Amino acid sequence: MKKSIFKVIFVAILALGTVAPIATLATHYTSIQVEKSVNIEATILQTIASDSMFNHIKLLSKSPRVAGTEQEDAAVAYIKKSFESYGYKTEVQAFTFTDYTSPHTIKLSIDSFTKSLDPQALEYSISGQVSGEIVTAGLGKVEELQYLDLTGKIALLERGEISFNDKMSNVIAKGAIGAIFYNNVPGTIMGSLGEVNRAFVPAVLLTEAEGDELVKHINNKPSTHASIRIKGSKSQKNISHNVIATKMPTSNKKQVKKSSKIDKDIIVISAHHDSVAGAPGANDNASGSAMTLELSRVMKNIPSETEIRFITFGAEEFGLLGSTHYVANLTEDEISRITANFNLDMVGSKDAGELIMQTANGKHNLVTQLAQAASTKLNGEPTPVNQGDRSDHVPFANVGIPSALFIHNPAEPWYHKPEDKIDKISKEKLQDVAEIVSIALWNQIRIDHQVK
Ligand code: BES
Ligand code: ZN
């Protein structure tokens, strides 16, 4: 309630173009520039339509949009068509990824070993059945294996010093047909072989206690045999896509021509369009995709010397793959020109908490500063900031680009669930976030536009 009264007054001030905002800006701008700028701010706020976002979400969330499926392709086509309907040129950037399915059956049996074992698969363990003599191979370092012949044998390896992947390649090079890893500290871990690789041999992971027992057993009974059986794991090559719509610097044609050698700043507004299997992902993340589309519509005819890229990423749910691919393919020049990434992920749930921003290192940056100024102006209080690295802002942060995730906290109970449907979406939340992001964006491009 407090917020909405604040907003009405604020919009009224903007519409009238009164002195309050002018006073703070007067040192930098002429009064004509300030008046224009205030009017543009009002135009932006008045153009944002939560109905338009709601409608995009409704159409996008009819089914899950798992990366690499026909449903993702349909979402990509819809997003591309929508950007184009607003007058943008688009680029669809394809990339491949491997979708790994964990095994449903993991068995390990050791001759004359009576204690029970609970073998786990590692990420990227391949399916297969092998049996052979078990041989202890220490940590699996090259120098330890120098005088060992593991041909036709199963290597027993302790965790530590080098990666599971390196241990695996080292024992394969010595002829091993299987690998049993065991932890070097109490408790369980999710081990990973780090990559899909057809050359791998079937491998399981045991606890430290199980490993110690096994080593004892083998020391007492050399030439003990073991068999490993792993079923149901598979990896599949897939294609996902990023959709990119670019707003080129548009302000003053003569100026642009004259200064065409001067590199313009770039701001990236992003969201992932894929969802997890079984969840229609209305909030995660048709909401962010719809907001990216809406912000592109709202900003289409706004003067800007800054280039703005509106991007929806694929395969976020498989590990931020679309954004990682996008950032990896930027040139050094582009990286140095991208001044900010606003990443929108889960921005419209009725049942989630308040809006927050998350940065990869938990610190403020240009994005959080701009958005806090905007939220203070719009709602009377700054959007809080904390640490979080679970979305597409992370690859940008990793190359030094100021980035932040916009998300409501705590998350709704329907996160990654079949209930994440259009009936859980709040138009008010969508409107609020879109206003904050658009005003933050405008405050940055306005400076580039008028002061440079
Ligand atoms: N939208 C979520 C991230 C999220 C959810 C952040 C709730 C904060 C609170 C995102 O789509 C997601 O599910 N990310 C994965 C991580 C990713 C690296 C696969 C996650 O958090 O499990
Ligand atoms: Zn998400």
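Since the structure is predicted, the reported quantities are computational estimates derived from the model, not experimental observations. (Residues numbered from 1 in each chain as written. Chains lettered and ligands numbered in written order. Predicted model: local features only at pLDDT ≥ 70, side-chain atom pairs only at ≥ 80, totals over all residues. Heavy atoms only, no water.)

## A look at the site of ligand 1
Part 1: Every residue lining ligand 1 is accounted for by His-272, Asp-284, Glu-316, Glu-317, Gly-319, Leu-320, Asp-345, Met-346, Arg-390, Ile-407, Tyr-415 and His-416.
Part 2: Within the side chain of Glu-316, a nitrogen or oxygen atom sits 2.8 Å from an oxygen atom of ligand 1.
Part 3: His-416 has a polar side-chain atom sitting 3.0 Å from an oxygen atom of ligand 1.
Part 4: Surface burial for ligand 1 is 79%, taken as the share of its 510 Å² of free accessible area covered by protein chains.
Part 5: Of the residues in the shell around ligand 1, the class split is four nonpolar, three polar and five charged. (Near = heavy atom within 4 Å. Polar contact = N/O pair within 3.5 Å; in protein donor to acceptor, adjacent residues only side chain to side chain. Areas by Shrake-Rupley, 256 points an atom, 1.4 Å probe, with all protein chains shown as cover. Nonpolar A, V, L, I, M, F, W, Y, C, P; charged D, E, K, R; others polar.)

## Focus on the coordination of the zinc ion (ligand 2)
Geometry reference: four tetrahedral donors at a metal, ideal angle 109.5 degrees. Six octahedral donors, ideal angles 90 or 180 degrees.
Part 1: Taken together, His-272 (NE2), Asp-284 (OD), Asp-345 (OD) and Asp-345 (OD) make up the full set of protein donors to the zinc ion (ligand 2), lying 1.9 to 2.6 Å away.
Part 2: One way to put it: the six donor atoms around the zinc ion (ligand 2) meet at angles of 52 to 162°, and that makes the site irregular.
Part 3: Counting along the primary sequence, the residues that act as donors to the zinc ion (ligand 2) give the motif H-x11-D-x60-D. One end of the pair, His-272, is in strand E10 (residues 266-272); the other, Asp-345, is in the loop between strand E12 (338-344) and strand E13 (354-359), and 73 residues separate them in sequence. Per residue, the accessibility class of His-272 equals that of Asp-345, and both read buried. (Donors = N, O, S within 2.8 Å, 3.2 Å for Na, K, Ca; no water. Tetrahedral: all angles 85-135°; square planar, octahedral: opposite > 155°, others 65-115°. Helix = DSSP H or I, 4+ residues; strand = E, 2+ residues; numbered from the N terminus. Buried < 20%, exposed > 50% of the residue type's maximum accessible area, 1.4 Å probe, protein only.)

## Some points on the nonpolar core
Part 1: Ile-44, Ile-269, Met-291, Phe-310, Phe-342, Leu-344 and Phe-406 are the most contacted members of the largest nonpolar core, which has 55 residues in total.
Part 2: Of the residues forming this core, the biggest block, 10 residues, is contributed by helix H15 (residues 427-451).
Part 3: Residues in contact with Ile-44, not counting those within four places in the same chain, are Val-298, Met-299, Ile-302, Ser-438, Ile-439 and Trp-442.
Part 4: Among the nonpolar cores identified, the runner-up in size contains 20 residues, and Tyr-100, Leu-122, Val-135 and Ala-179 belong to it. (Core = buried A, V, L, I, M, F, W, Y, C linked by side-chain atoms within 4.5 Å. Contact = heavy atoms within 4.5 Å.)

## A look at the sheet that holds strand E8 (residues 225-231)
Hydrogen bonds between backbone groups are what pair the strands of a sheet, and the pairing can be parallel or antiparallel.
Part 1: If you walk across this open sheet you meet the seven strands as E2-E8-E4-E5-E6-E7-E3, and the pairing is mixed. Single-partner strands in this sheet number two, and they are strand E2 (105-110) and strand E3 (120-121).
Part 2: Seen against the sheet, helix H7 (residues 164-173) touches strand E5 (154-158), strand E6 (178-182) and strand E7 (203-206) and runs at an angle of roughly 150° to E5.
Part 3: Against the sheet, helix H8 (residues 208-220) engages E2, strand E4 (128-136), E5, E6 and E7, with an angle of about 120° to E6. (Pairing = 2+ DSSP bridges. Axes fitted to C-alpha atoms, helices over the stretch in contact; angles between N-to-C directions.)

## Topic: the environment of Leu-378
Part 1: With respect to the element layout, Leu-378 can be found in helix H13 (residues 366-379).
Part 2: Residue classification places Leu-378 among the buried positions, given a relative accessible area of 1%.
Part 3: Sequence spacing of Leu-378 and Ile-436 is 58 residues, and the spatial spacing of their C-alpha atoms is 7.2 Å.

## Here we look at helix H11 (residues 321-328)
Part 1: Taken residue by residue, H11 has Gly-322, Ser-323, Tyr-326 and Val-327 as its buried positions. Summarising the axial view, the buried residues of H11 lie within an arc of 125°, below the 170-degree limit, and thus occupy one face.
Part 2: Residues of H11 that are buried in the fold lie against strand E1 (90-101), strand E9 (234-247), strand E11 (307-313), helix H12 (332-337) and helix H14 (393-398). (Arc of directions from axis to C-beta.)

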